[in-house]
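# Coordinates in review
Take a look at the letters that make up each chain.
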Amino acid sequence: MTALTVVAHALTPALRGLVLGGDTEPDPASVEAVRELKLSADAVYAGPELAAVRTAAAMGFDPVVEQALRDREYGEWAGRELEDLLATDPTRVAAWLERPHTATPGGETENDVLARVADWLGDLNERHGDRSSLVAVVHPAVVRALVLYVVDAPAESLRHVDVRPLATVNLSLHVGSWSLALH
């Protein structure tokens with residue numbers, strides 16, 4: 001069996017301020033809190049965001065950075081606060097929030113992210129075989145996508161999965177199929 005522990009990266013000012021995308025330093029207090037997570041692994045992966053790499057490093061890991069584990073691409077809305085977008089373009093933002101099959105201008109849909117993480121999970125099986133312990137440190141949006149993919153939930157379910165910084169989710173691979181593993 002392959003076990004994958006997915007960790008949401010440390011809190012960042014962007015997460016606190018509901019900023020779409022961006023690559024900011026994690027909060028020092030949140031990085032310090034990650035040191036309490038005691039994980040071991042045969043291999044460790046991280047999304048390319050600074051917060052993901054720094055969170056993995058605070059856990060004592062030197063992760064392999066995977067572009068497939070990056071946060072959702074927000075296109076023209078990248079780096080903007082959700083409150084600001086709601087004030088300046090309420091109709092398009094409401095449509096995007098209500099229909100996850102809708103992309104931000106120049107960005108990705110939730111289905112695009114689901115497909116990307118599904119491909120990455122498939123690659124893990126080929127890379128690591130049957131008996132590996134893995135860790136992936138990623139943006140909370142990627143944790144959500146991984147959970148939705150593994151439980152075969154539609155993208156519309158995304159609003160029902162709340163992922164906080166430093167949350168962990170355990171997945172397991174049995175005979176080529178990933179499952180949510182509750183401990």
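To keep things clear, this report deals only with the structure shown in the data block. (Residues numbered from 1 in each chain as written. Predicted model: local features only at pLDDT ≥ 70, side-chain atom pairs only at ≥ 80, totals over all residues. Heavy atoms only, no water.)

### So, the pattern of salt bridges
Counted only if it meets this: Salt bridge, as used here, is a side-chain nitrogen of Lys or Arg placed within 4 Å of a carboxyl oxygen of Asp or Glu. Under the scheme used here, helices are H or I runs from DSSP no shorter than 4 residues and strands are E runs no shorter than 2 residues, and both carry numbers assigned from the N terminus.
Counted according to the given criterion, the structure contains 11 salt bridges. R16 is paired through a salt bridge with D27; the nearest N and O atoms lie 1.9 Å apart. Here D27 lies in the loop between α1 (13-16) and α2 (28-34) and R16 lies in helix α1, a separation of 11 residues in the sequence. The salt bridge partner of E108 is R70, with a shortest N-O separation of 3.9 Å. Taken as a pair, E108 in the loop between α5 (90-98) and α6 (110-128) and R70 in the loop between β3 (64-65) and α4 (82-88) lie far apart in primary sequence, 38 residues in all. Salt bridges linked by common partners bring R70, E73, E108 and R116 together as one network.

### Here's the deal with the sheet that holds β3
Convention followed: Two strands qualify as a pair provided DSSP detects at least 2 bridges between them. Any two residues whose heavy atoms approach within 4.5 Å are treated as being in contact. Axis lines are fitted to C-alpha atoms, over the contacting stretch for helices. Their N-to-C directions set the angle, which ranges from 0 to 180 degrees.
As summarised here, the arrangement of the six strands in space is β3-β2-β4-β1-β5-β6, forming an open sheet in which the pairing is mixed. Two strands bound the open sheet, and with one partner strand each, they are β3 and β6 (177-180). When strand β1 (residues 2-8) meets strand β5 (residues 168-174), the two strands line up antiparallel, connected through six bridges. Residue pairing for β5: L4 is matched across the bridge by L171. This element, helix α3 (residues 50-58), spans β2 (43-46), β3 and β4 (133-138) of the sheet and lies at about 140 degrees to β4. Packed onto the sheet, helix α7 (residues 140-150) meets β1, β4, β5 and β6 and runs at close to 145 degrees relative to β1.

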